[in-house]
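Structural description and commentary
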Amino acid sequence: MQTRIDEISDGIFRLSTLVPEVAPPAGFTFNQFLLMADEPLLFHTGHRFMFESVLGAVGKLMPVERLRWISFSHFEADECGAMNLWQERAPRAQVAHGRLGCDVSLTDQSLRAPRALADGELLELGGKRVRYLATPHVPHGWDAGLLFEERTGTLFCSDLLGQLGDGPAMTGGDIVGPALESEALWRSMAVTAETLPTLERLAALDPRRLAIMHGSSLEGGCAAALRSFGRGLVAQRLPAAA
């Protein structure tokens, strides 16, 4: 197993591991994002089975003991399966997540008490600053939330706009079509009355980059991609409403 490292924005590193056995023959990448700052933050922990590979990648960028914050969108193995392994290796590391996620899962499951974040709350990392956005059921799970790094304009999207295969770390091309194809396979997103308003809230941030958990991240045209994906998702799931 190999975890590749790419800097997708100033001080933001994508750590990507291809798992060929998932969605063959294309395979599926599982991506974590390391934000280098005075208080470094890791977004997504990865599964436990890939921990040593991701740990090695982080160790090439900084001493693992420096890790201060661990965050992710929702309670799921690829999002947070290794959170306690990271906390064991990094004595100051603490999970930061939305209040609902902390109440229903993380206060019980995390090795250390998590930092509960309110919707819209800002977490200053020193050199970077991330804002927590509660996004219930986007991409999925009632505890779902995303982070927006304000200085680089990077929105950490979790499963949103994920694609199959092992594409480039960053693209400026179309990812909406491949993301809808992936969603047609997995059917992982619930379409509710809040889906389009939530995607519009994200688009209104006018992000410069989308850091995506599966497949390539996107640079340029990010707001348009979020809106287009929303329209396509509704047409795919609720054709009579499109």
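**Observations concerning the layout of surface pockets**
Reported here for the largest pocket is a volume of approximately 250 Å³. Every residue lining the largest pocket is counted, 19 residues in all, and those nearest its centre are Phe28, Asp159, Trp186, Ser188 and His214. Elements with a minimum of two residues in the lining of the largest pocket: strand 3 (28-35) and helix 5 (176-186). Looking at the lining of the largest pocket, the element that brings in the most residues is helix 5, giving four residues.

**Some words on helix 7 (residues 222-237)**
The periodicity of an α-helix, 3.6 residues per turn, causes residues three or four places apart in sequence to face the same way. A rise of 1.5 Å per residue sets the reference length of helix 7, with its 16 residues, at 22 Å; its end C-alpha atoms lie 22 Å apart and thus fit the reference within 8%. Along helix 7, the residues that are buried comprise Cys222, Ala223, Ala225, Leu226, Phe229, Gly230, Gly232, Leu233, Val234 and Arg237. Along its buried surface, helix 7 packs onto strand 11 (154-158), helix 5, helix 6 (195-203), strand 13 (209-212) and strand 14 (217-219).

**So, unusual backbone geometry**
With an omega of 5°, the peptide bond running from Pro24 to Pro25 counts as cis. Here the bond from Val138 into Pro139 is cis, since omega is 5°, no more than 30 degrees from zero. Locating Pro139 in the fold gives a position in the loop between strand 9 (129-134) and strand 10 (145-149). One non-glycine residue, Leu161, adopts positive backbone phi at about 65°. Take Leu161: it is sitting in the loop between strand 11 and strand 12 (170-171). In this structure, Arg187 takes a positive phi of about 50° despite not being glycine.

**Focus on the side chain of Ser182**
When you line up the elements, Ser182 lands in helix 5. Beyond its immediate chain neighbours, meaning those up to four positions away, Ser182 contacts Phe28, Gly162, Gln163 and Leu164.

**Section: helix 4 (residues 99-109)**
Those residues of helix 4 that sit buried are Gly101, Cys102, Ser105 and Leu106. Projected down its long axis, helix 4 shows its buried positions confined to an angular sector of 140°, all on one face. Opposite the packed face of helix 4, turned more than 90 degrees from it, sit the exposed residues Asp103, Thr107 and Asp108. As for helix 4, its buried residues are in contact with helix 3 (83-89), strand 6 (94-98) and strand 7 (115-117).

Thresholds, definitions, all that
- What you see as residue numbers is a count from 1 along each chain, following the sequence as written.
- This being a predicted model, a pLDDT of at least 70 is required before a residue's local features are given, and a value of 80 or more before pairs of side-chain atoms are given or counted; all residues contribute to the totals for chains, interfaces and linings.
- With hydrogens and water set aside, each side-chain value is computed from the structure's full complement of heavy atoms.
- For cavity detection a 1 Å grid was placed over the protein atoms alone, and a set of points counts as a cavity when a 1.4 Å probe fits there but cannot get out; an open set counts as a pocket when protein lies on both sides within 12 Å along at least five of seven lines, with lining residues being those that have an atom within 4 Å of a point.
- Grid points are joined across faces, edges and corners, and a volume is the space filled by probe spheres set on the points.
- A run of H or I in DSSP becomes a helix once it reaches four residues, and a run of E becomes a strand once it reaches two; helices and strands are each numbered from the N terminus.
- To estimate how far a helix should extend, the number of its residues minus one is multiplied by 1.5 Å.
- Burial status follows relative accessibility: with a 1.4 Å probe on protein chains alone, a residue under 20% of its type maximum counts as buried, one over 50% as exposed, and anything between as partly exposed.
- Contacts are residue-level and defined by heavy atoms, with any inter-residue pair within 4.5 Å sufficient.
- What the arc describes is the spread of directions from the helix axis to the C-beta atoms.

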